[in-house]
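Single-letter residue listing:
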Amino acid sequence: MFPLNSSRDYITNLKGQFAVANSREIKLGKVISKKIMNHDVVIFRCQDGKLGVVDAYCSHLGAHLGLGGRVVGNKIQCPFHGLCFDREGKCERKPVAGGKITFDIPSWEVSEIDGIVFVNQDNENNWQLEKFIPQGFCRPIIQNFEFRGHPQEIIENTVDITHFYHIHEYLDIQKEKSIETKGHHLKVSYNLSRKHGLLGFGKSRLKFSMDINAKGLGYSQVDINIEKYGLKIRQIVMPTITDNEMMVVRALTMVKEFNIRIPRFLKKTLAKLICYFVAREFKRDFIPDIKIWENKKFIENPGVLDGELDILNFRKWCEQFYGN
Ligand code: FES
Ligand SMILES: [Fe+2]
C-alpha cells in the first residue's frame with residue numbers, strides 16, 4: 001500500500017528504527033510512558049541496566065503499567081494485582097492459581113545508541129543503526145519538535161532542492177549525482193552556499209558541502225563540511241510518529257573539535273559554543289518547514305519541475321517501509 005494519500009490518511013505501520021526517548025530519561029528502575037505509532041507503551045530500565053518496551057496496558061484487567069507499575073528485578077509489575085512481565089512481555093506470575101489464560105503482552109525490540117533509545121518497528125530485514133557520534137565531536141545538543149506531520153515528509157525534504165532555494169535561501173546548489181539507494185539506505189550530496197553564513201551573523205556567503213545519509217524513515221544524518229574554516233558539523237534528524245497525525249522530531253547537532261594548538265578544554269568549549277549557534281540556526285531553518293508540513297496534503301502523483309526527479313525516486317525507495 002502506498003504511504004500517504006491526498007486525504008491525509010496517515011498510515012502508522014512504518015517499518016524501521018525509530019527514536020523514542022533519551023537514555024537519560026530512564027534511570028535504573030524507572031518506568032516512563034510514551035505513545036509510539038499510536039500505541040501506548042511503557043519503557044522501563046531493569047536492574048541489569050537493560051531497557052524493556054511493552055504495551056502500556058496489563059492484559060489482566062487493563063491497568064496502565066506506567067501509572068504505579070514498578071520494576072522488580074528485570075520485570076515490570078502491574079500496580080493493580082501484581083502480575084509481572086519480562087522484557088519480551090511474557091507474564092511470569094499469575095495473580096490466581098490455575099487457569100490457562102495467556103497474559104502475555106506485546107513488546108518491542110529496543111536498542112540504545114549514543115544516548116538515544118530506538119524501537120525496532122516491524123523491521124523485517126532486521127537492520128540496525130550504528131553509533132552516530134564520531135570521535136572528536138562535542139556532545140550533541142538535542143532539540144525536540146512536536147507537530148502534525150509524517151516521517152516521509154521530513155526525509156523527503158533532503159531531496160527537495162527547490163525548497164532549499166525558496167524557504168532556506170540557500171544558493172548555488174550543485175548536486176554531483178542523483179540519489180543513491182541500497183536497501184534501507186539513501187545517500188545524496190550537495191555543494192551549496194548560505195546567504196547568512198552558518199552561525200546566523202556575518203554578511204558573507206558561506207560555501208559548504210552536505211552529505212546526507214538516511215536509514216529508513218526514522219533517521220537522517222547530514223554531514224556539513226565548511227572547508228574554509230576546517231569546520232565539520234553533524235546534524236541528525238529522527239522523526240517518530242506518536243499519536244495519529246502527530247510526531248516528534250528529535251534533532252541532534254554536534255561539531256568537531258578543531259585541530260589547533262590550544263588546551264583541550266578550550267577546544268571543547270569552542271566546539272560547544274559553535275554547536276550552540278549551529279543548533280540555533282538549524283531551528284531557524286526548521287521552523288518554516290514545520291509550518292508547511294503541518295498544513296500540506298500529500299500529492300500522490302506530483303508534477304515535478306526540472307531537476308526534481310529525485311523526489312519521485314525517493315518516493316519509490318519509501319515504498320519498502322510500509323506494510324501490505
Ligand atoms: S490489571 Fe494488572 S494484574 Fe490485574
Ligand atoms: Fe527544509
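Just so it is clear, the model here is predicted, and its values are computed rather than measured. (Residues numbered from 1 in each chain as written. Chains lettered and ligands numbered in written order. Predicted model: local features only at pLDDT ≥ 70, side-chain atom pairs only at ≥ 80, totals over all residues.)

Q: Quick rundown of the sheet that holds strand β5 (residues 70–72)? Include the residues and the values.
A: The strand order across the open sheet formed by three strands is β5-β6-β7, and the pairing between neighbours is antiparallel. Looking at which strands have only one partner, the edges of the open sheet turn out to be β5 and β7 (84–85). Bridge count for β5 against strand β6 (residues 75–77) is three bridges, and the pairing is antiparallel. Bridge pairing links Arg-70 to Gln-77 in β6. (Pairing = 2+ DSSP bridges. Helix = DSSP H or I, 4+ residues; strand = E, 2+ residues; numbered from the N terminus.)

Q: Could you give an account of the domain arrangement of the chain, naming the residues involved and the relevant values?
A: Buried accessible area, meaning the area lost when the parts come together, often serves as the stated size of an interface. Its domain assignment divides the chain into domain 1 (27–112) and domain 2 (141–321). Each of domain 1 and domain 2 was reduced to a C-alpha centroid, and the two centroids are 37 Å apart. In this complex, domain 1 contributes four residues to the contact, which on the side of domain 2 involves five residues. Across the side of domain 1 that touches domain 2, the residue classes tally to two nonpolar, one polar and one charged. (Domains from an automatic or database assignment. Contact = placed C-beta atoms within 7 Å. Nonpolar A, V, L, I, M, F, W, Y, C, P; charged D, E, K, R; others polar.)

Q: I'd like to hear about unusual backbone geometry, residue by residue, with values.
A: Apart from glycine, the bulk of residues carry a negative phi angle, and the bulk of peptide bonds sit in the trans form. Notably, Asn-38 is not glycine yet its phi reads approximately 75 degrees, a positive angle. Summarising the element assignment, Asn-38 is placed in the loop between β2 (31–36) and β3 (39–45). Although it is not a glycine, Asp-114 adopts a positive phi angle of roughly 45 degrees. Position of Asp-114 relative to the elements: it lies in the loop between β8 (107–113) and β9 (116–121). When the 16 C-beta atoms within 10 Å are taken as the criterion, Asp-114 is described as partly exposed. (Buried ≥ 20, exposed ≤ 12 C-beta atoms within 10 Å, placed from the backbone.)

Q: Account for the nonpolar core, naming residues and giving values.
A: In terms of nonpolar packing, the biggest core is built from 66 residues, with Val-20 and Val-42 touching the most fellow members. If one sorts the elements of this core by residue count, strand β17 (residues 246–255) sits on top with seven residues. Looking at this core, you find at least three residues from each of domain 1 (27–112) and domain 2 (141–321). Among all residues touching Val-42, those that are not within four sequence positions of it are Val-31, Ile-32, Ser-33, Val-54, Ala-56, Leu-65, Gly-66, Gly-69 and Ile-76. (Core = buried A, V, L, I, M, F, W, Y, C linked by C-beta atoms within 7 Å.)

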